Amino acid sequence: MPTRILPAGADPDAVRSLTTLLSQLPDAEPQPPVTDSTQLVDGLARLAAESVDELPEVVVVHERIGPVPALELIREVALRFPAVGVILVTTDASPGLFAAAMDSGARGLVALPLSYEELANRVQAVAQWSTGVRRHLGHGAELLAGAGGTVVTVSGAKGGVGATLTAIQLALAAQASGRATALVDLDLQTGDIASYLDIQFRRSVADLAAITDISPRVLADAVFRHDTGLALLLAPGEGERGEEVTDRAARQLVSALRSRYEVVVIDCGAQLGGAGAAAVEMADTALLVTTPDVIAVRAAKRTVRMWDRLQIRKAEETTVVVNRHTRSTEIQPALVQRITGTALARTAVPANFKELQGVVDAGRVHELDARSTVKQALWALAGELGLVKAAEGASHRGSGRGPVSLRRRKE
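- As recorded by an unreviewed UniProt entry, the chain carries the name CpaE family protein and is attributed to Streptomyces cinerochromogenes.

Structural data, given as structure tokens:
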């Protein structure tokens with residue numbers, strides 16, 4: 001059986017040279033190259049979803065790939081697709097980089113300029129390793145797909161549109177259905193999840209920022225276990241510490257959470273920083289919450305365009321959720337979809353703050369009455385997004401219509 005090899009790199013000349021050399025290897029079947037980290041991870045996820053047998057045995061990552069640095073990308077691929085062997089191609093073949101690559105999950109390193117014999121030997125060894133792992137584990141999709149947990153980010157078009165409440169209720173719905181769920185507050189300066197749940201905490205996401213290898217034990221020490229069963233990772237109490245959480249730290253954190261929890265819900269707030277941008281870029285589903293008024297919808301459009309300009313996420317890969325919806329308002333969900341160019345959640349959340357005021361003021365939003373139309377809508381949204389094993393207490397459907405983007409797809 002030929003060895004399927006997927007080259008990945010941002011430099012067209014380097015990738016062309018690599019592909020040409022790979023095509024000369026015996027029993028090699030080079031795949032069409034991918035040019036950035038998002039295409040690589042999304043492409044592997046799509047192949048794994050179709051059939052585990054469709055995954056390539058070997059992925060060859062060039063050091064100049066982006067936007068995610070090569071070693072961080074290798075770590076994510078190794079976590080999500082554990083039977084896919086990764087080789088790093090680099091000009092730096094020093095022992096230090098070799099050790100760092102192995103720690104990240106690479107199965108080999110090939111120095112530039114490329115040598116046919118070195119590349120052939122390394123590809124053969126990694127292919128044999130990959131085949132052996134698959135034979136040992138069997139062909140069950142759950143064993144080899146390696147997709148890990150589902151990551152959902154919730155961002156606000158502007159402040160005060162209900163992003164935090166949405167994130168909390170989505171996480172509660174997932175946890176209540178029996179799925180291990182983490183709720184993360186990446187609104188680093190003004191995060192309010194702790195206030196909504198009336199909890200006191202010692203550790204925050206900032207305490208993980210300087211850790212280069214977030215082990216399960218380190219992660220467990222940082223999370224706060226809520227009475228509902230949710231694992232909470234909270235924004236720092238001192239807002240200035242939010243600057244410690246870089247985009248790189250956020251990527252490592254999301255990867256670690258994805259490997260440990262079935263569902264990861266991240267509140268990114270309304271202000272875009274490096275950490276939030278990294279989370280949105282890595283998410284399986286990115287929600288943008290808006291209210292049906294001119295100011296909020298304009299803000300949503302600005303956010304979508306900014307994400308696209310910064311190559312964080314395309315408009316069609318973003319799902320807008322309309323909060324505080326009423327049938328009498330002039331701006332209906334379908335119009336919001338046309339203005340923003342995004343996908344639209346079928347579930348619109350009704351305007352009924354009277355249901356919320358008591359539990360919000362008490363910091364007990366997890367005790368919101370199951371008869372609440374707001375809760376029913378948000379739990380229905382969780383079911384729509386595939387975050388729950390079965391929809392519980394969620395029968396309300398908003399009037400919004402349109403396709404919902406559940407997974408990132410890059411062409």
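Regarding the sheet that holds strand 12 (residues 318–322)
Phase 1 of the analysis: The eight strands lie next to each other as 8-9-7-10-6-11-12-13, forming an open sheet whose pairing is mixed. Strands at the two margins of the open sheet, each flanked by one partner only, are strand 8 (224–225) and strand 13 (343–344).
Phase 2 of the analysis: Pairing of strand 6 (residues 150–156) with strand 11 (residues 285–290), which is carried by five bridges, proceeds in the parallel orientation. Note that in strand 11 the partner of Ser 155 across the bridge is Leu 288.
Phase 3 of the analysis: In this fold helix 11 (residues 274–282) packs onto strand 6, strand 10 (263–269) and strand 11, with an angle of close to 140° to the strand it touches most, strand 10.

Examining the side chain of Arg 179
Phase 1 of the analysis: Structurally, the position occupied by Arg 179 is in the loop between helix 7 (163–176) and strand 7 (181–185).
Phase 2 of the analysis: Among the residues examined, Arg 179 registers a relative accessible area of 15% and is labelled buried.
Phase 3 of the analysis: When neighbours within four sequence positions are excluded, Arg 179 is seen to be in contact with Thr 150, Ala 174, Glu 262, Val 263, Gly 386, Leu 387, Val 388 and Lys 389.

Some words on unusual backbone geometry
Phase 1 of the analysis: In this chain, Gly 66 is followed by Pro 67 through a cis amide linkage whose omega measures 0°.
Phase 2 of the analysis: Cis peptide bonds are those with omega within 30 degrees of zero, and the linkage from Leu 112 to Pro 113 qualifies with 0°.
Phase 3 of the analysis: Within the secondary structure layout, Pro 113 lies in the loop between strand 5 (108–111) and helix 5 (116–137).
Phase 4 of the analysis: Its identity as a non-glycine residue notwithstanding, Asp 198 has a phi of 50°, on the positive side.

Structural notes on the packing of helix 2 (residues 37–50) against helix 3 (residues 70–80)
Phase 1 of the analysis: At their nearest, the axes of helix 2 and helix 3 sit 11 Å apart, and the two run at 5° to each other. In terms of orientation, helix 2 lies roughly parallel with respect to helix 3. For the pair helix 2 and helix 3, contact is made by Ser 37, Leu 40, Val 41, Leu 44 and Ala 45 and by Leu 73, Glu 76, Val 77 and Arg 80, respectively.
Phase 2 of the analysis: Considering only residue class, the contact of helix 2 with helix 3 consists of six nonpolar, one polar and two charged.

Some points on the confidence of the model for the chain
Phase 1 of the analysis: In this model, the chain carries a mean pLDDT of 88, and residues with pLDDT of at least 70 account for 92%.
Phase 2 of the analysis: When mean pLDDT is taken per element in the chain, strand 11 scores highest with 98 and helix 6 (residues 141–144) scores lowest with 42.
Phase 3 of the analysis: Contacts from residues 139–146, a stretch scored under 50 in pLDDT, to residues over four places away or in other chains number 21 contacts.
Phase 4 of the analysis: Predicted confidence is poor over residues 391–411, with pLDDT under 50, and the contacts of this stretch with residues over four places away or in other chains come to 78 contacts.

Notes on the nonpolar core
Phase 1 of the analysis: Leu 219, Leu 253 and Ile 266 are the most contacted members of the largest nonpolar core, which has 48 residues in total.
Phase 2 of the analysis: With residues near it in sequence (within four places) discarded, Leu 219 still touches Leu 208, Ile 214, Leu 253, Ala 256, Leu 257, Arg 260 and Tyr 261.
Phase 3 of the analysis: Ranked by size, the runner-up nonpolar core spans 41 residues in total, among them Ala 163, Ile 193, Leu 287 and Leu 381.

Remarks on the environment of Asp 185
Phase 1 of the analysis: In this structure, Asp 185 sits in strand 7.
Phase 2 of the analysis: By relative accessible area, which is 1% here, Asp 185 ends up buried.
Phase 3 of the analysis: In this structure the C-alpha to C-alpha distance between Asp 185 and His 136, which are 49 residues apart in sequence, comes to 39 Å.
Phase 4 of the analysis: If we ignore the near neighbours within four places in the chain, the residues touching Asp 185 are Gly 191, Asp 192, Ile 193, Val 205, Leu 233, Leu 234, Ala 235 and Asp 267.
Phase 5 of the analysis: A polar side-chain atom of Asp 185 sits 3.1 Å from the main-chain amide nitrogen of Asp 187.

A look at the sheet that holds strand 5
Phase 1 of the analysis: Spatially, five strands are ordered 2-1-3-4-5 in an open sheet, and the strand pairing comes out parallel. The sheet is open, and its two edges are formed by strand 2 (28–30) and strand 5, each paired on a single side. Each adjacent strand pair in this sheet contributes to an overall mean axis angle of 25°, direction not counted.
Phase 2 of the analysis: Sheet topology note: the strand 3 (residues 58–62)/strand 4 (residues 85–90) ladder contains five bridges and is parallel.

Here is what the cut-offs are and how they apply
- Residues numbered from 1 in each chain as written.
- Predicted model: local features only at pLDDT ≥ 70, side-chain atom pairs only at ≥ 80, totals over all residues.
- Heavy atoms only, no water.
- Pairing = 2+ DSSP bridges.
- Helix = DSSP H or I, 4+ residues; strand = E, 2+ residues; numbered from the N terminus.
- Contact = heavy atoms within 4.5 Å.
- Axes fitted to C-alpha atoms, helices over the stretch in contact; angles between N-to-C directions.
- Buried < 20%, exposed > 50% of the residue type's maximum accessible area, 1.4 Å probe, protein only.
- Parallel < 35°, antiparallel > 145°, perpendicular 65-115°, else oblique.
- Nonpolar A, V, L, I, M, F, W, Y, C, P; charged D, E, K, R; others polar.
- pLDDT = per-residue confidence, 0-100.
- Core = buried A, V, L, I, M, F, W, Y, C linked by side-chain atoms within 4.5 Å.
- Polar contact = N/O pair within 3.5 Å; in protein donor to acceptor, adjacent residues only side chain to side chain.

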